[in-house]
Structures are given as structure tokens and as C-alpha cells.
Amino acid sequence: LATILVFFYFLEQIIPAGQQRKYFIISVACCFMIFSPGPLWFMGNGYINIGIMLPFVLGAFMLLLPMLQEPGKISAGRLSALGILVIILIYIDWYIFFACFLSGILALIKYRQNKKYGLLVLVLLISAISGTALLFFQFSAHMGPEAVIHYWLSRSSERSLNLAGSSILTRLGYLFIYFLTSYLPLLILLLAGYLRCRRSGIIPNWSEKEILFLKLFGSSLLFYNFFLFNWSSDHEFSILPWSILLSLPAARVLGSLKNRRLIRGLLAFFLLSAIVQHYWINRPGPES
């Protein structure tokens, strides 16, 4: 519930006010996110830290995007809120390190244009270090620093690109299957809508903020799943954040179509197939 409310508000901020069918696009994107088989399971029946982090991730990007676009938006209030969110996210999962790293690089590139971007880089660095240090000292108080260091190193080795006992193609196959089990109806709808737009010569008019978000968020997810490749290929919920990345372009493509009957048909197809796929995979009994 928290994720979908923040997602609705986030989309309201990044989609331009003059966009035709703006609230249709926002509502459809939320629908895609809620009813895709993966989120329907892991955010409905499961207790997964990746799902728990999503509203905080959206909140962090809600603060980051305006500052990366306009140096005048870099203020003490926004920087403080961003620093707190980064620390909270470190307590939940390691994804935020990749988002901070890429955002910091982008801010450094913009530093020549405006010195205020140095403050953003500093806050990202200090909050990432502070969150890690807090975790380290809290666990060290119970286990001792050597045990924590050993545990972190061993877990990093297990979860990273370590192909002992399996090939990279096998693990890529697992990830491919996860995308099908989690997002197959959404991927089909996205492809069908895109092909119809191309055939009709329709080009969705993306805003700069939407493009920046898709590039930054998409890049951070690729880094996240690549550097934690073993862990990602072992757990279907590792691709849960992709629900955000796939839902927005699918909704924008659908909102660009002119044929209302086709729009209703594609929506009906998505809802029916997504729910059927979810219950087919999770049907009761030994064949689940």
C-alpha cells in the first residue's frame, strides 16, 4: 500500500502537467505494478526486504531527480531528507549503494556547471558511509568486528559473480525465467503497444525528468543485479524493483494509443492473464 501510494505521487511529479491522459497513465502504471504476477506474490503473500525498500527508493528518487536537474533545488531540507533515506535503505538492502554511486558520478559531471552539486556528492558519500558504519558497529557490539568483517566478505563472495558449480548461461537462464514468471503479461503488452505505436507513427513525448529517471534507475538495477549476480539468479524477488521500471513505459505506450477499444482490450488482456498466471503458478497441491 505504501509503495503504490508513493508510486502514484512520484509519477504525478515526473509526468508533465500538460500530458494528455496523465491520470489514466498514472493509474494504469499503478495497475501494472500491483497486478503483475511477481509483485502480486512477493508484495502480497511474502515478507521480502526488496519489497519493503521500494517506497523508500521511490522517495529517494523523488528527492534526487529535481536536484540533479536544477541546482537551485539543492537545499538543506532536501539533502537532509535524502541522507536519512539513504541510511534507512542501507538497513534494508544494498541496492542504494549502486544508486548513490551513479547519482554521485552524474553530480560530479555537473559540478563544473554549478558548485552546489558538490554538496549533493558529499551528502551521498557521508550518508552511505554513515549507514554502513552504523550497521557495522551495531553488529560488532554483539559479535565482534572480526566476525562481522568475515561474514560480510563471505556473503559478498557467495552473492557476487562467482560461477563455481554452474555456468553463466545457466544463471542467465534463471533470470530470464524470473522475468517471465514475474512480468510476462506486462512484457507482452509493452511489446504489442510499442509495435502498434511504431506502425501508427506515434512517438510518446517523454519529459526530461522521465528520461533521467529511466536511465538512472535502469542503470542502477543493471549494476545491482550484475554485481550480485549469484544472489539475483538464486532469488526471483531480486528483480522486484523492475516492476517500477517496466510499468512506467508500458503505461506511457498504452496512453499514446488512439484506439480506445484496443486500449481496453490490452488492459483486459493484462489483468486476466496476470491473475491467471499468478494463480496457475501458485495453485494449491503438490504441482504448485
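Refer to the structure presented above.
For the structure given in this document, a descriptive report is provided here. Computed from a predicted structure; not experimentally measured.

### Details of the overall build of the protein chain
Next, step 1: Broken down by element type, the protein chain carries 13 helices and zero strands.
Next, step 2: Reading the secondary structure of the protein chain in the N-to-C direction produces α-α-α-α-α-α-α-α-α-α-α-α-α.
Next, step 3: For 288 residues, the compact-globule formula gives about 19 Å, and the C-alpha radius of gyration of the protein chain, at 20 Å, lands near that figure.
Next, step 4: Projected onto its principal axes, the C-alpha coordinates of the protein chain cover approximately 60 × 55 × 35 Å.
Next, step 5: Taking all 288 residues of the protein chain together, 45% fall into the buried category.
Next, step 6: Put simply, 79% of the contacts in the protein chain that link residues at least 6 apart link residues at least 24 apart.
Next, step 7: Counting every atom, the protein chain has about 15,000 Å² of accessible surface; 68% of that belongs to carbon and sulfur.
Next, step 8: Taking the average place of the 22 positive charges on the side chains of the protein chain and the average place of its 10 negative ones, the gap between the two points comes to 15 Å.

### Some details on the pattern of salt bridges
Next, step 1: For the structure on display, the rule yields three salt bridges.
Next, step 2: Between arginine 171 and aspartate 234 there is a salt bridge, with the nearest N and O atoms lying 3.1 Å from each other. Of the two residues, arginine 171 is situated in helix H9 (residues 168-200) and aspartate 234 in helix H11 (residues 229-234); the sequence distance between them amounts to 63 residues.
Next, step 3: Judged by its relative accessible area of 46%, aspartate 234 is partly exposed.

### A closer look at the side chain of aspartate 93
Next, step 1: Within the element layout of this structure, aspartate 93 appears in the loop between helix H5 (76-92) and helix H6 (95-110).
Next, step 2: The buried charged residue aspartate 93 lacks any salt bridge, with arginine 159 as its nearest oppositely charged partner at 5.8 Å.
Next, step 3: Here asparagine 49 takes part through its side chain, which lies 3.3 Å from a polar atom of the side chain of aspartate 93.
Next, step 4: From its side chain, aspartate 93 meets the backbone nitrogen of tyrosine 95 in a polar contact 3.0 Å long.

### Some remarks on a nonpolar patch on the surface
Next, step 1: Taken together, the side chains of Leu161, Ile168, Leu169, Leu172, Phe223, Phe226 and Phe227 present a nonpolar region at the surface, about 660 Å² in accessible area.
Next, step 2: If you list the elements that add at least two residues to the nonpolar patch, you get H9 and helix H10 (208-227).
Next, step 3: Mapped onto the elements of the fold, leucine 172 is located in helix H9.
Next, step 4: Residue classification places leucine 172 among the partly exposed residues on the basis of a relative accessible area of 42%.

Conventions adopted
Starting from 1, residues in each chain are numbered consecutively following that chain's sequence as written. Side-chain atom pairs in this predicted model are given and counted only at pLDDT of 80 or more, local residue features only at pLDDT of at least 70, and totals for whole chains, interfaces and linings cover all residues. The side-chain figures draw on all heavy atoms in the structure; neither hydrogens nor water molecules are used. To qualify as a helix, a DSSP run of H or I must reach at least 4 residues; to qualify as a strand, a run of E must reach at least 2; elements of each kind are numbered from the N terminus. For the radius of gyration, the atoms used are the C-alpha atoms, and the globule rule reads 2.2 Å times the number of residues raised to 0.38. Here's how the labels work: a residue is buried when its accessible area is under 20% of the maximum for its type, exposed when over 50%, partly exposed in between, all with a 1.4 Å probe on protein chains only. It only takes one pair of heavy atoms within 4.5 Å for two residues to be counted as in contact. The Shrake-Rupley method, run with a 1.4 Å probe, gives the accessible areas here. Residue values count only the displayed protein chains as cover. Neither His nor the chain ends is counted toward charge; the positive residues are Lys and Arg and the negative residues Asp and Glu. Every charge is mapped to an atom, namely NZ of Lys, CZ of Arg, CG of Asp or CD of Glu. Here, a salt bridge means any side-chain nitrogen of Lys or Arg that lies within 4 Å of a carboxyl oxygen of Asp or Glu. In the analysis that follows, any N or O atom pair within 3.5 Å is treated as a polar contact, provided that within protein one partner can donate a hydrogen and the other can accept it, and provided that, for residues neighboring in sequence, both atoms belong to side chains. In this analysis, a patch consists of residues with relative accessible area above 30% that form no salt bridge, clustered at 9 Å for like charges and at 5 Å for the nonpolar side chains Val, Leu, Ile, Met, Phe, Trp and Tyr.

Purely geometric numbers; function is a separate question.
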